[in-house]
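Residues per chain are reported as follows:
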Amino acid sequence: AQAQDTVKIGVLLPMTGQSASTGKQIAAAIALFQAQNGKKAGGKNVEVIIKDDAGVADNTRRLAQELVVNDKVVALAGFGLTPLALATAPIATQSKTPMVVMAAATSSITEASPFITRTSFTLPQAAVGMGEWAPKNGIKKVVSLVADYGPGNDAEKYFTDRIQLNGGQVLEKLRTPLRSPDFAPVLQKVRDAKPDALFVFLPSGQGAQFMKQFGERGLDKAGIRLIGTGDITDDDQLNDMGDVALGVVTTHHYSASHNSPMNKKFVADFQAANKFRPNFMAVGGWDGMRLIYNALNTTKGAGGEALLAAMKGQIFESPRGQVLIDGQTREIVQDIHTRKVEKKDGQLWNVEFDVQKAVKDPGKVK
Ligand code: DHB
C-alpha cells in the first residue's frame, strides 16, 4: 500500500513490568477489534504500532515523540498508568495529535491537554457509587486504603466525602506505594481499627496479591468486609483469587459477566483468541479503537483537530453498555454498576445487581 493510503495509530503500553497485565489486555483487545472490524477506516489502511513503555513515564514520552515525528501517527493511544498519560499530554497539545486514554483513570488527565479523550473511566465515577451503597447496607465505619498516586487520591477523596455525606464514619485513610507495595503493615492497622468494612483502590494487577494477604491475615474471619472500586476484583485475576473474594462488593463500569448480547459475543471472541478473560482494560482498548475508527470514517482519514472534533460527542454501544464521549469534557459518560463476587459453574464473576445510569465524571462537576 502507498504511504498516503495508510494511517498509523501509535499505542503506548506497559507490556513489561509491574503493569504488564494492562498491556497484555489492551494489546489483545486491539488485535481482536481489528480482526472483527478489518484494518480499514475512512478509506485508509489502519496500521497499529504498539510500543512497550514498561510503565516508565520517561519512556512513554520519548516513544510518543518518536511516533509523532518519525511515524506521523494520527492518534496516540494506550496509557496504562496516570503518570504515563500526564507525561505525554504536552506532546499531544504541541503536535495537535488526538490522544485516547484507554486505561489511566485519574480525573484530571483530560484537563492536561485539549487533545485528550478517554475510553476507560475515572476513579470519582467509580468511587462515588460505593459511597452511596455502603451506608445503605450496614456499613457505617470504614477504613480506606489506596495506592498513593493520582487515582488513589481520587478514590479516597470521592469515596470518603460521599460516605461521610451519607452519615458514615471514616476511621483512617491508609496508603501504599504504587511500586512494590507491602500490604502487611496496613492490614495490621485495619485489624486494629475494627471497621465494618475496608474500602480499597489498587491499580489493575495488584488485586490478587492484596486479596491473598487479606485472607491470610484473617481480616475476613474477623468480620471486616471488603469493598472497593472494581479494580480490586479485576477480571484478569479474579478467577484465581479463591474463596476469599466471594461476596466482595465493588462499583465499576465493566464486568465480564455484563448481561448483554454484545458483551457475550465480546467475551466469547476474546476468550477464543486469548485463553484469558477480558477485563475493564480490554474494554477500554476495544472501545478506544471504535472511537478512532468512527472518527477516521468521519474525517476520511484526516488527523489533527478534525479527528479530535469527530471524537467529541460520539455515542456508541460498548460491551459495558451505551457510552458517550462528552463534547465539553472529552470524558466518557457511562453506567456504573454495583457488583458482588459470586461463583457460577465453578468460576468467579463480578455479578452486577444495581446500576446508576449515564454517570458523568464527578471530578469535572465544579
Ligand atoms: C490507573 C491504573 C490502573 O491499573 C487502574 O486500575 C486504575 C487507574 C491509573 O494509573 O490511572
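All residue numbers here refer to positions counted from 1 along the written sequence of the relevant chain. Predicted model: local features are reported for residues with pLDDT of at least 70 only, side-chain atom pairs are reported and counted for 80 or more only, and whole-chain, interface and lining totals are derived from all residues. Based on all heavy atoms of the structure, the side-chain values leave hydrogens and waters out of the count.

Caption draft 1: Here's a closer look at the pattern of salt bridges. Counted as salt bridges are all cases of a side-chain nitrogen of Lys or Arg within 4 Å of a carboxyl oxygen of Asp or Glu. Scanning all chains against the criterion turns up 20 salt bridges. Here E156 and R175 are joined by a salt bridge, their closest N and O atoms 3.0 Å apart. Here E156 is found in helix 5 (residues 150-165), whereas its partner R175 is found in strand 8 (residues 169-176), with 19 residues between them in sequence. The salt bridge partner of K364 is E331, with a shortest N-O separation of 2.6 Å. Remark: E331 occurs in the loop between strand 13 (321-325) and strand 14 (332-344) and K364 occurs in the segment after strand 15 (347-359); sequence separation between them is 33 residues. The pair formed by K364 and E331 is uniform in burial state, with each residue classed as buried. If you follow the salt bridges from partner to partner, you end up with R118, E331, D361 and K364 in one network. Put simply, DSSP marks the helices as runs of H or I at least four residues long and the strands as runs of E at least two long, and each gets a number from the N terminus on. Whether a residue is buried, partly exposed or exposed follows from its accessible area with a 1.4 Å probe, protein chains only, as a fraction of its type maximum: under 20%, in between, or over 50%, in that order.

Caption draft 2: Structural detail: the site of the ligand. Around the ligand, the surrounding shell holds 14 residues, and the nearest of these are T82, A105, Y149, S204 and D231. Polar contact is defined as a pair of N or O atoms within 3.5 Å, subject to the rule that within protein one atom must be able to donate a hydrogen and the other to accept it, and that residues adjacent in sequence are counted only when both atoms are side-chain atoms. One of the side-chain nitrogen or oxygen atoms of T82 is found 2.5 Å away from an oxygen atom of the ligand. Under the scheme applied, nonpolar residues are Ala, Val, Leu, Ile, Met, Phe, Trp, Tyr, Cys and Pro; charged residues are Asp, Glu, Lys and Arg; polar residues are all the others, including Gly. Here the residues of the shell around the ligand are counted per class, giving 9 nonpolar, 4 polar and 1 charged. Taken domain by domain, the makeup of the shell around the ligand includes at least three residues from each of domain 1 (3-121 + 259-330) and domain 2 (124-252 + 336-364). If a single non-hydrogen atom of a residue is within 4 Å of a molecule or strand, that residue counts as near it. Boundary definitions for the domains trace back to an automatic or database domain assignment.

Caption draft 3: Inspection of the domain arrangement of the protein at higher detail. Per the domain assignment, the segments making up the protein are domain 1 (3-121 + 259-330) and domain 2 (124-252 + 336-364). For domain 1 and domain 2, the distance between their C-alpha centroids amounts to 27 Å. Note on terms: buried area is the combined drop in 1.4 Å-probe accessible area of two parts once they are placed together, counting the loss on both. For the pair domain 1 and domain 2, the summed buried surface comes to about 2,000 Å²; carbon and sulfur atoms form 48% of the total. On the domain 1 side of the contact with domain 2, Q18, F121 and R277 bury the most area, a combined 35% of that side's loss.

Caption draft 4: Layout of empty space enclosed by the protein. Cavity: a set of points on a 1 Å grid over the protein atoms alone where a 1.4 Å probe fits but cannot get out. Pocket: an open set with protein on both sides within 12 Å along at least five of seven lines, its lining residues, like those of a cavity, having an atom within 4 Å of a point. Grid points are joined across faces, edges and corners, and a volume is the space filled by probe spheres set on the points. Applying the stated criterion across every chain, the model contains 2 cavities of 30 Å³ or more. Counted as a void, the largest cavity has a volume near 130 Å³. Of the residues contributing to the lining of the largest cavity, the split by class is 11 nonpolar, 5 polar and 1 charged. No fewer than three residues from each of domain 1 (3-121 + 259-330) and domain 2 (124-252 + 336-364) sit in the lining of the largest cavity. Residue lining of the second largest cavity: G230, T233, D234, D235, H252, Y254, N279, F280, R339 and N350, and that is the complete set. Its residues assigned to classes, the lining of the second largest cavity comprises 2 nonpolar, 5 polar and 3 charged.

Caption draft 5: Geometry of the environment of R330. In this structure, R330 sits in the loop between strand 13 and strand 14. By relative accessible area, R330 is classed as buried at 12%. Distance in space between the C-alpha atoms of R330 and P114 is 8.3 Å, their sequence separation being 216 residues. Polar contacts involving the side chain of R330 include one to the main-chain carbonyl oxygen of I116, which spans 2.8 Å.

Caption draft 6: Local environment of the packing of helix 2 (residues 57-69) against helix 3 (residues 82-95). Fitting a line to C-alpha atoms yields each axis, with helices limited to the stretch in contact; the angle taken between N-to-C directions then spans 0 to 180 degrees. Direction vectors running N to C along helix 2 and helix 3 enclose 25 degrees, while the axes themselves pass 8 Å from each other. As far as their axial angle goes, helix 3 and helix 2 are roughly parallel. Relative to helix 3, the crossing made by helix 2 is right-handed. For the pair formed by helix 2 and helix 3, the contact residues are A57, T60, R61, A64, Q65 and V68 on the first element and P83, L84, A87, T88, I91 and S95 on the second. Grouping the constituent residues of the contact of helix 2 with helix 3 by class yields 7 nonpolar, 4 polar and 1 charged. Orientation categories follow fixed angle ranges, with anything under 35 degrees roughly parallel, anything over 145 roughly antiparallel, 65 to 115 roughly perpendicular, and all other angles oblique. Should the near helix be turned anticlockwise from the far one by less than a right angle, the crossing is termed left-handed; should it be turned clockwise, right-handed. Here, residues are in contact when the closest pair of their heavy atoms is within 4.5 Å.

Caption draft 7: Looking closely at the sheet that holds strand 6 (residues 116-118). Two strands pair if DSSP finds at least two bridges between them. Across the sheet, which stays open at both edges, the 6 strands sit in the order 2-3-1-4-5-6 with mixed pairing between neighbours. Two strands close off the open sheet at either side, each with one partner strand: strand 2 (40-41) and strand 6. Alignment of strand 4 (residues 75-78) against strand 5 (residues 99-101), held across 3 bridges, turns out to be parallel. Bridge pairing in strand 5 places L76 opposite M99. With respect to the sheet, helix 2 is in contact with strand 1 (6-13), strand 3 (44-52) and strand 4, its orientation differing from that of strand 1 by roughly 175 degrees. Each of strand 4, strand 5 and strand 6 touches helix 3; the most contacted strand, strand 5, lies at about 160 degrees to it.

Caption draft 8: Structural view of the layout of surface pockets. If you add up the space inside the largest pocket, you get close to 200 Å³. Lining the largest pocket are 13 residues, with A256, S257, H258, N259 and K264 sitting closest to its centre. When residues of the lining of the largest pocket are traced back to their parent elements, those giving at least two are helix 8 (261-274) and strand 15. For the lining of the largest pocket, the leading source of residues is helix 8, giving 5 residues. When the residues that make up the lining of the largest pocket are grouped by side-chain class, the tally is 5 nonpolar, 5 polar and 3 charged. Taken domain by domain, the makeup of the lining of the largest pocket includes at least three residues from each of domain 1 (3-121 + 259-330) and domain 2 (124-252 + 336-364).

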